[in-house]
Amino acid sequence: IGAGPVGLALACLLLRDGSTCLIADRVVASAVPNRIEPRALALTPAARAILVRCGAWSRLDPAAIGEFRRMEVWDAGGSGRIEFDSANLCVSTLGYIVNQWDLESALRAALTDLGSEVTPLAELERVEGGGTRIIAHGADGVQLIARVLVGADGVRSRVRELAGIDYRSQPYAQQALACTVRTSLPHAQVARQRFLATGPLAFLPLADPYTCGIVWTTTPEQARRLQLQEVATFCTELAAAIGQVLGDIVECGPRAVFPLQRAQADRYCRSRLVLVGDAAHCVHPLAGQGANLGLLDAASLAELLLQAIQSGRDPGTLRTLRSYERWRRGENAVMISALDGLQKLFGSPAPVVQRLRNAGLDLCDALDPIKHGFMVRAMGLSGDLPAAAWVPLASTGLRNL
């Protein structure tokens, strides 16, 4: 249930290995042919490997895939700065930037290639399990019957609600404004993030050398003001906020504002029911890890379900689903806590904290082993990874750690 990037990826992974899978959602692609999606997603090499396995990466227009080979992070409240360069790891790129709607379209095309499509679904009324099956009842009387029900339906997951699973969330006193802009200077495939007093501002390089995806995290009041500003005024303020490093902002697309929170479901599963992506967890966007964590969920769950099916075991048992929960809940908890800590560190206005974080940025920039460790983790090349996420690194001298 849920045809966002995570649900679509999971369906593709299962179908490619011969499993019978139905994916359903309340909104199908044909219902929103002219949808405008201002959000740009940062994807790691591990996420790309998963999308290759799904058959979706080849469906993306190369002109729609941005890459960043370097990353620059600095604090507006001091001189602290850290820079990451793919050349230091002997790899071609640190990651990719893709518009969310382009990614969903590529995944839907991959689903079509596999002989399937998204099934329209009315509001879920109830879920009942028994024996070897689970039944999801729609408000229109439709019943979906399966051995496993996967909730991939986002932060307001109806599947999670009907399963009675608590979702412990902590709203941030921030919102994120997202849009796409053109700049007078080329981005040179560099991802830039400047920590302002109200939150981080990220410029994510898209495929066009003068186009970036923007994620501006700030107070709800400022986010709404920025969204409603005249375009020329907004472009001037945005260029100043990033320190004019890319010159003037010459064009700006539609702006959207999103609330931010950290969250983790108390459980990721019950018998024959399991959660993935934002239905299971939610993180602060300052490191661009949300989509990557969801794709790792999908690949991990697909791996365990397919292992069970191929060995003749029932994939919907608690034994199998708890294996997924133990695997991913711990990995996600580490990232949630790390990003929450960074948000608090860079969100503090205390002078002593400002001095410490600026010194910390400079120190980490000078210590290559620490910096390289951050890079490897952020690229999805370390941790307990599913097989679909492994990146062939023999030619680079690196390996998945």
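Here goes a summary of the coordinates provided. (Residues numbered from 1 in each chain as written. Predicted model: local features only at pLDDT ≥ 70, side-chain atom pairs only at ≥ 80, totals over all residues. Heavy atoms only, no water.)

**Description of the pairing of strand E9 (residues 133-138)**
- Within E9, five of the six residues are buried, which leaves the element mostly enclosed by the surrounding structure.
- Where strand E8 (residues 124-130) meets E9, six bridges bridge the pair, whose relative direction is antiparallel. Note that in E9 the partner of Val 127 across the bridge is Ala 136.
- In sequence, E8 turns back onto E9 through a hairpin of two residues, with Gly 131 there showing a positive phi of about 65°.
- Pairing between E9 and strand E10 (residues 143-146): four bridges, direction antiparallel. Paired with Ile 135 across the two strands is Ile 145, which belongs to E10.
- In textbook terms, the turn of a hairpin is the stretch between consecutive antiparallel strands, and for E9 and E10 this stretch comprises four residues, one of which, Gly 141, has a positive phi near 90°. (Buried < 20%, exposed > 50% of the residue type's maximum accessible area, 1.4 Å probe, protein only. Helix = DSSP H or I, 4+ residues; strand = E, 2+ residues; numbered from the N terminus. Pairing = 2+ DSSP bridges.)

**Quick notes on the sheet that holds strand E2 (residues 40-43)**
- Overall, antiparallel pairing links the three strands, which are arranged E2-E6-E3 in an open sheet. Each edge of the open sheet is held by one strand with a lone partner, namely E2 and strand E3 (66-68). Within the sheet, the average angular offset between the axes of one strand and its neighbour, ignoring direction, is 25°.
- As judged from the four bridges shared by E2 and strand E6 (residues 95-99), these two strands associate in the antiparallel manner. Bridge pairing in E6 links Ala 40 to Asn 99.
- Seen against the sheet, helix H3 (residues 100-113) touches E2 and E6 and runs at an angle of roughly 90° to E6. (Axes fitted to C-alpha atoms, helices over the stretch in contact; angles between N-to-C directions. Contact = heavy atoms within 4.5 Å.)

**A word on the sheet that holds strand E11 (residues 149-151)**
- One open sheet holds the three strands; their spatial order is E11-E19-E18, and the pairing between them is mixed. Strands with a single pairing partner mark the edges of an open sheet, and in this sheet they are E11 and strand E18 (269-270).
- Alignment of E18 against strand E19 (residues 273-275), held across two bridges, turns out to be antiparallel. Counted as the bridge partner of Arg 270 is Leu 273 from E19.

**Thoughts on empty space enclosed by the protein**
- Per the stated rule, a full pass over the model turns up two cavities of 30 Å³ or more.
- Lining of the largest cavity is provided by 16 residues; of these, Leu 293, Leu 296, Met 335, Arg 377 and Ser 382 occupy positions nearest its centre.
- Looking at the lining of the largest cavity, the elements with two or more residues in it are helix H2 (45-54), helix H7 (290-310), helix H8 (318-347) and helix H10 (368-378).
- Sorting elements by how many residues they give to the lining of the largest cavity places H8 first, with four residues.
- Looking at the lining of the largest cavity residue by residue, the class counts come to seven nonpolar, six polar and three charged.
- Estimates place the volume of the second largest cavity at around 40 Å³.
- If you go around the second largest cavity, the residues you meet are Gln 174, Phe 195, Gly 199, Pro 200, Leu 286, Leu 342, Gln 343, Phe 346 and Gly 347.
- Of all elements in the fold, only strand E14 (199-205) and H8 reach the threshold of two or more residues within the lining of the second largest cavity.
- Its residues placed into classes, the lining of the second largest cavity shows five nonpolar, four polar and no charged. (1 Å grid on protein atoms, 1.4 Å probe; cavity = no way out; pocket = protein on both sides within 12 Å on 5 of 7 lines; lining within 4 Å. Points joined across faces, edges and corners; volume = space filled by probe spheres on them. Nonpolar A, V, L, I, M, F, W, Y, C, P; charged D, E, K, R; others polar.)

**Looking at H3**
- Compared with an ideal rise of 1.5 Å per residue, which puts 14 residues at 20 Å, H3 spans 20 Å between its outermost C-alpha atoms and is within 8% of the ideal.
- Gln 100, Trp 101, Leu 103, Glu 104, Ala 106, Leu 107, Arg 108, Ala 109, Ala 110 and Leu 111 are the residues of H3 that are buried.
- Buried-residue contacts for H3 involve helix H1 (5-16), strand E1 (23-25), E2, H2, E6 and strand E7 (118-120).
- Two or three places before Trp 101, at the opening of H3, Asn 99 has a side-chain oxygen 2.8 Å from that residue's backbone nitrogen. (Expected span 1.5 Å × (residues − 1). Polar contact = N/O pair within 3.5 Å; in protein donor to acceptor, adjacent residues only side chain to side chain.)

**Considering the layout of surface pockets**
- In this structure, the second largest pocket spans a volume of roughly 610 Å³.
- Lining the second largest pocket are 27 residues, and of these Thr 20, Cys 21, Leu 22, Ala 146 and Val 148 sit closest to its centre.
- If you list the elements that add at least two residues to the lining of the second largest pocket, you get H1, E1, E9, E10, E11 and H7.
- The class makeup of the residues in the lining of the second largest pocket is 21 nonpolar, five polar and one charged.

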